[in-house]
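A structural walkthrough
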Amino acid sequence: MKKKMVSILLAMTVMSAAGMSTSAVWAADASAAEATVTEVPAEQTAEGTEQEEKVIEDVKITLESGEVTIKNETEKNFSAEYKKQEAAEKQEGDAAEEIWNLALTDEEGNVHTFENVSPDKWTEPSVAEEYGFLYVKYKDADGKEQEALEKAEEKAFEQEITMYVTTDVNVRKEASKESQSLKVTSLGAEWKAVASIPGWIKVEADGISGYVFHSYITEDKAKVDALVQEKKAAAEAAAAQAAAQAAQAQTYYEEPVYQEPVQPAGQTEEPSELRAEQPEEEPAEQPAEQPAEQPVESTEPVEVSRQAYDDCDGSGHGYYEITYSDGSVAYEEY
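Residues numbered from 1 in each chain as written. Predicted model: local features only at pLDDT ≥ 70, side-chain atom pairs only at ≥ 80, totals over all residues. Heavy atoms only, no water.

**Overview of the packing of aromatic side chains**
- Enumeration according to the criterion identifies five aromatic pairs in this entry.
- Taken together, a centroid distance of 4.9 Å and an interplanar angle of 25 degrees make the contact between Trp-122 and Tyr-138 stacked. Residue Trp-122 is located in the loop between strand S5 (111–114) and strand S6 (123–130), and its partner Tyr-138 is located in strand S7 (residues 133–139); the two are separated by 16 residues in the primary sequence. Each of the two residues, Trp-122 as well as Tyr-138, counts as buried.
- Ring centres of Trp-200 and Phe-213 lie 5.3 Å apart, and the angle between their planes is 85 degrees; on these two criteria the pair is classed as edge-to-face. (Phe/Tyr/Trp six-rings, centres within 6.5 Å; stacked < 30°, edge-to-face > 60°. Helix = DSSP H or I, 4+ residues; strand = E, 2+ residues; numbered from the N terminus. Buried < 20%, exposed > 50% of the residue type's maximum accessible area, 1.4 Å probe, protein only.)

So this is what it looks like as structure tokens:
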């Protein structure tokens, strides 16, 4: 500080000799001090104020056959444990069924259990969180989209949530696809969601309280409005097409279509120019009409007369003398 004051006094003396005022000397010194401050490295002024960005890691599952990686689409990191569960007791002689459960434990120590699953058969698995529950989506051996739900109890929301259905869907009495349908609600219908359970959202409206499968209901009204407009546009297009077809059916006239004569196999038609030069063939003579067939006379002789001659012994027997048209005679006993 002492050195600084000496520097200032010297500067004032020099500037006074040069005809400069004292205020100009102080301004010059302040500018020099400000320039000195701006030269301090930024990392020194921000030291200790930066926070490390949280890194979300995929979930690794260790199996007997190797390791399976589940893509993590949540905001939490999980540790995974895959272990065998003892099956329920069976009758003597029955083989014990092996049931494997997957447990995912989050950073806060909450355990999410997926019962009787086979991660070694999953393709492209990913885990997501919805209203506090985890869902593992994957493709099976046939390439079909599947979903594994954790085992958990129903949780009530702190306050009602306005939600909208994304298609015509059943509102069921219980959280099960086999449960009774209370109502079929249509695309865009508004419901008050009051609770959730893995795979289902509990809703209430118009005196009905039931469950809608979680894939068919959302808080995103803009998304649902777009779906409603798509359905309306498709219905209008179908109606316009049906009307156009009906109008066409009333006025449609089918023009006759000329079809070239079909030549018999192996026969080709001569060009019209050649046909014109050649004389027309005279029609072949038809055979004279044959007279009706006359009945054929029989050549066999016919009986002309029959004369009886009795025997003289009184027995009543005798013979016939038969004369035929050709002059022949025959005898026949009686």
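What follows continues from the structure just given.
**Description of the layout of surface pockets**
- In this structure, the largest pocket occupies an estimated 370 Å³ of space.
- What lines the largest pocket is a set of 17 residues, and nearest its centre among them are Leu-149, Glu-150, Lys-151, Ala-152 and Pro-198.
- For the lining of the largest pocket, the residue count by class is eleven nonpolar, two polar and four charged.
- By volume, the second largest pocket is sized at about 240 Å³.
- Of all the secondary-structure elements, those providing two or more residues to the lining of the second largest pocket are S6, S7 and strand S15 (217–218). (1 Å grid on protein atoms, 1.4 Å probe; cavity = no way out; pocket = protein on both sides within 12 Å on 5 of 7 lines; lining within 4 Å. Points joined across faces, edges and corners; volume = space filled by probe spheres on them. Nonpolar A, V, L, I, M, F, W, Y, C, P; charged D, E, K, R; others polar.)

**Observations concerning the environment of Gln-307**
- The topology assignment puts Gln-307 in strand S16 (residues 303–310).
- Classification of Gln-307 by relative accessible area gives partly exposed; the value is 41%.
- Taking the C-alpha atoms as reference points, Gln-307 and Tyr-320, separated by 13 residues in sequence, lie 5.3 Å from one another.
- With residues up to four places along the chain from it excluded, the contact list for Gln-307 reads Tyr-319, Tyr-320 and Glu-321. (Contact = heavy atoms within 4.5 Å.)

**Quick notes on the sheet that holds S6**
- Read across the sheet, five strands follow the order S1-S2-S6-S7-S8 without closing on themselves; strand pairing throughout is mixed. A strand with exactly one partner marks an edge of an open sheet, and here the two such strands are strand S1 (59–63) and strand S8 (145–149). When the angles between neighbouring strand axes are averaged without regard to direction, this sheet yields 30 degrees.
- Pairing of S7 with S8 involves five bridges; the strand directions are antiparallel. For Lys-137, the partnering residue across the bridge sits in S8 and is Glu-147. (Pairing = 2+ DSSP bridges. Axes fitted to C-alpha atoms, helices over the stretch in contact; angles between N-to-C directions.)

**A short note on the confidence of the model for the protein**
- When pLDDT is averaged across the protein, the result is 78; 64% of the residues are at 70 or more.
- In this model, residues 13–40 is a region of pLDDT below 50 whose contacts with residues beyond four sequence positions or in other chains number ten contacts.
- Within the model, the stretch residues 42–46 combines pLDDT values under 50 with one contact to residues more than four positions away or in other chains. (pLDDT = per-residue confidence, 0-100.)

**As for the sheet that holds strand S3 (residues 78–85)**
- Read across the open sheet, the three strands follow the order S3-S4-S5; overall the sheet is antiparallel. Two strands bound the open sheet, and with one partner strand each, they are S3 and S5. This sheet shows a mean twist of 20 degrees between the axes of neighbouring strands, independent of strand direction.
- Alignment of S3 against strand S4 (residues 99–106), held across eight bridges, turns out to be antiparallel. Bridged to Phe-78 within S4 is Asp-106.

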